[in-house]
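Residue-level listing of the chains:
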Amino acid sequence: MTPDRRILFWWLLWLLSPAIAIAAPPPAVYPLAAGDHASKRFTLVANGVAVPVLAYTSRYDYAHFSADGALTITIAVPESVRSWHISPQAEQIRARAGGQHLTFRLPHAAYVIVKINALKELAIAIDPLERAVPPPSGVGIYNITAAPYSADATGRTLATRVVQRAIDDAHAAGGGIVYVPRGTFLSAGLELRSNVSLYLAGGATLRSSGDPALFKVRYYKQSLKMRGTWFLWTQPNSRNIRIFGRGTIDGNARELRGRNRCVNDLVVPLHTSHFTIDGVVLRDSGLWGLIPVRSDHIVIHNTKHFNEANRFFEDDAVDIIESQDVLVSRSFAISEDDTYSTKTWNEQTDMAGNWPGRPEPLENVTFEDCLAWSRCATFKVGFGCFQPQRKIVFRRCCVYRCMRAIAINHYWGNASVENVTFDHIDVEGFQPRQRDRDKCRWLDVNTASEGSIRNTILENITVRALGYEASRIEGHDTKGMIDGMRFENVIVSDKLATSLKDLDVDVTNQFVTGIVFVGQAGASAPALRN
């Protein structure tokens, strides 16, 4: 195709795309939960349908809906649109401004972050329309608002006992679906059981109570000097548990933590097997959001993690801990602390005191098609490395903002970290904590104790920004070596890296061996499968 015909083709596609979008089913939109407030800065329309936008934090607001097919998105703001930025940049999303409106088109459902003028960001999470939606009633359906449960859907009174009863009844019957319809349901801790699915309909919010007296203390977080608990967890030695739908699990950390000095881990698949979580929003976690612990065969798909991104909260989004055969795919995470990481602890670690079983190695963990925004690390192995960590892959992921983009931080423990691959990672920019500006770098690989890092691969990496400090690859001693790092098609500031200098690495030492550079000019990171 000639250049002129190519231009004509894309111009016609641009003109015809509204008709294509109209032919698709209308977007499914979900009402805000009780107590939520609509954004005063943004209004959003998708294919002619108004989408609620939640006023969330001082850093960003967010919108979540579902749609199939091509989409025309229009954002209105209270001032003339002068500048804008849409991430992931690798998607090359083109937009046009007109007065107080910004319009752009997406070929399909996607996760994006939009920055207009000097306003705070707008996070837009679009999922495909749901498939195989369960009915609200029938055989094997336990609707928490129907008799005999009759949970309060206004969020004014506790629904803990009736929700737990529905879970227990489904389990006793050999399995079933606990159905949470639209509405806001206030609850304390809930234990999920084998063969039970928890379905959260779009517009359903399961909100943690802000009263710490209603929760069992599970640990004491030394770094914060706070008690800690769990909101949803799995019964130890359970199997075949699923959380799905387009609803929201709300940790209510602003009340539980801010006023009552207690933190909660939001969803804890604990010593379980064949656990799936798909499609839900997890927000405002008091501490860590989603933490599979000593579990296996875990699938995490289409999850959105919206947390505080301004204050020091230690509100990690997804931490895979001492688990095996885990897939995290098509996920969107915003948090003040780490977004996607792996960890292994010992029995003396404060949070691990009430975890069942013995410490386990971590193996066969994959993160793919993830969009991350953090004031700490976005894609990280560590800090805890008390048990071996092996075969970890981060693939087709985008870093919007962070303090450390790609990291293996072997800070605590003496076990090895082996066979870690970062493949097709796009590093867009940085936004560290003010106190940690001296640690802000795109690459940070180090050992601070015994236990080596072996066989690390970074391939097809695009580094658009370097951070505030030079990167480092630094071993600890002869028992804490970094051995074997391959850099293939790593593009730093539009240049193929062929040396540590090209990587902007100026901290290394004699305990680093086996660094190799391979690649060809012109390589770059492709778009996410968003």
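First, a word on scope: everything that follows refers to the structure included in this document.

Calculation rules
Residues numbered from 1 in each chain as written. Predicted model: local features only at pLDDT ≥ 70, side-chain atom pairs only at ≥ 80, totals over all residues. Heavy atoms only, no water. Helix = DSSP H or I, 4+ residues; strand = E, 2+ residues; numbered from the N terminus. Rg over C-alpha atoms; globule rule 2.2 N^0.38 Å. Buried < 20%, exposed > 50% of the residue type's maximum accessible area, 1.4 Å probe, protein only. Phe/Tyr/Trp six-rings, centres within 6.5 Å; stacked < 30°, edge-to-face > 60°. Pairing = 2+ DSSP bridges. Axes fitted to C-alpha atoms, helices over the stretch in contact; angles between N-to-C directions. Polar contact = N/O pair within 3.5 Å; in protein donor to acceptor, adjacent residues only side chain to side chain. Contact = heavy atoms within 4.5 Å.

## With respect to the overall build of the chain
Move 1: Within the chain, the secondary structure is distributed over 3 helices and 41 strands.
Move 2: Against the 2.2 N^0.38 benchmark of 24 Å for 530 residues, the chain shows a C-alpha radius of gyration of 23 Å, consistent with a compact globule.
Move 3: Considered along the principal axes of its C-alpha atoms, the chain spans approximately 70 × 65 × 40 Å.
Move 4: Residue burial in the chain is summarised as follows: out of 530 residues, 61% are buried.

## Observations regarding the packing of aromatic side chains
Move 1: Tallied over the entire structure, the rule returns 22 aromatic pairs.
Move 2: A centroid spacing of 6.1 Å and a plane angle of 70° characterise the contact between Tyr340 and Phe367, whose relative ring orientation is edge-to-face. Of the two residues, Tyr340 sits in strand β29 (residues 340-344) while Phe367 sits in strand β30 (residues 362-374), which places them 27 residues apart along the sequence. Neither residue differs from the other here; Tyr340 and Phe367 are each classed as buried.
Move 3: Seen in terms of ring centroids, Trp373 and Tyr400 are 5.2 Å apart; in terms of plane orientation they differ by 75°. Their pairing is edge-to-face. Of this pair, Trp373 sits in strand β30 while Tyr400 is found in strand β32 (residues 389-401), placing the two residues 27 residues apart along the sequence. Neither Trp373 nor Tyr400 differs from the other in exposure class; each is buried.

## So, the pairing of strand β35 (residues 441-447)
Move 1: Across the 7 residues of β35, 7 count as buried, placing the element largely inside the fold.
Move 2: Here strand β33 (residues 404-412) pairs with β35 via 6 bridges, running parallel. Residue pairing for β35: Asn409 is matched across the bridge by Asn446.
Move 3: Here β35 runs beside strand β37 (residues 471-474); their pairing, made up of 3 bridges, is parallel. When the bridges of β37 are listed, Asp444 appears paired with Arg472.

## Points about the sheet that holds strand β27 (residues 318-321)
What links the strands of a sheet is backbone hydrogen bonding, and the strands pair in either a parallel or an antiparallel sense.
Move 1: What the 7 strands build is an open sheet, ordered β27-β29-β31-β33-β35-β37-β40; its pairing is parallel. Of all the strands in the sheet, the pair left with one neighbour each is β27 and β40 (505-507). Put simply, the sheet's adjacent strands are angled 20° from each other on average, direction ignored.

## Let's talk about the side chain of Arg433
Move 1: By the secondary structure assignment, Arg433 is in the loop between β34 (417-427) and β35.
Move 2: Given a relative accessible area of 8%, Arg433 falls into the buried group.
Move 3: Of the polar contacts made by the side chain of Arg433, one reaches the side chain of Asp337; its length is 3.4 Å.
Move 4: If we skip the residues at most four places from it in the chain, Arg433 touches Phe312, Glu336, Asp337, Arg375 and Cys376.

## Structural notes on the sheet that holds strand β6 (residues 84-87)
Move 1: Across the sheet, which stays open at both edges, the 5 strands sit in the order β1-β4-β10-β9-β6 with mixed pairing between neighbours. Lying at the two open borders of the sheet, with one neighbouring strand each, are β1 (28-29) and β6.
Move 2: Bridge count between strand β4 (residues 60-66) and strand β10 (residues 121-127): 7 bridges; the pairing is parallel. The residue bridging Tyr60 from the neighbouring strand is Glu121, located in β10.

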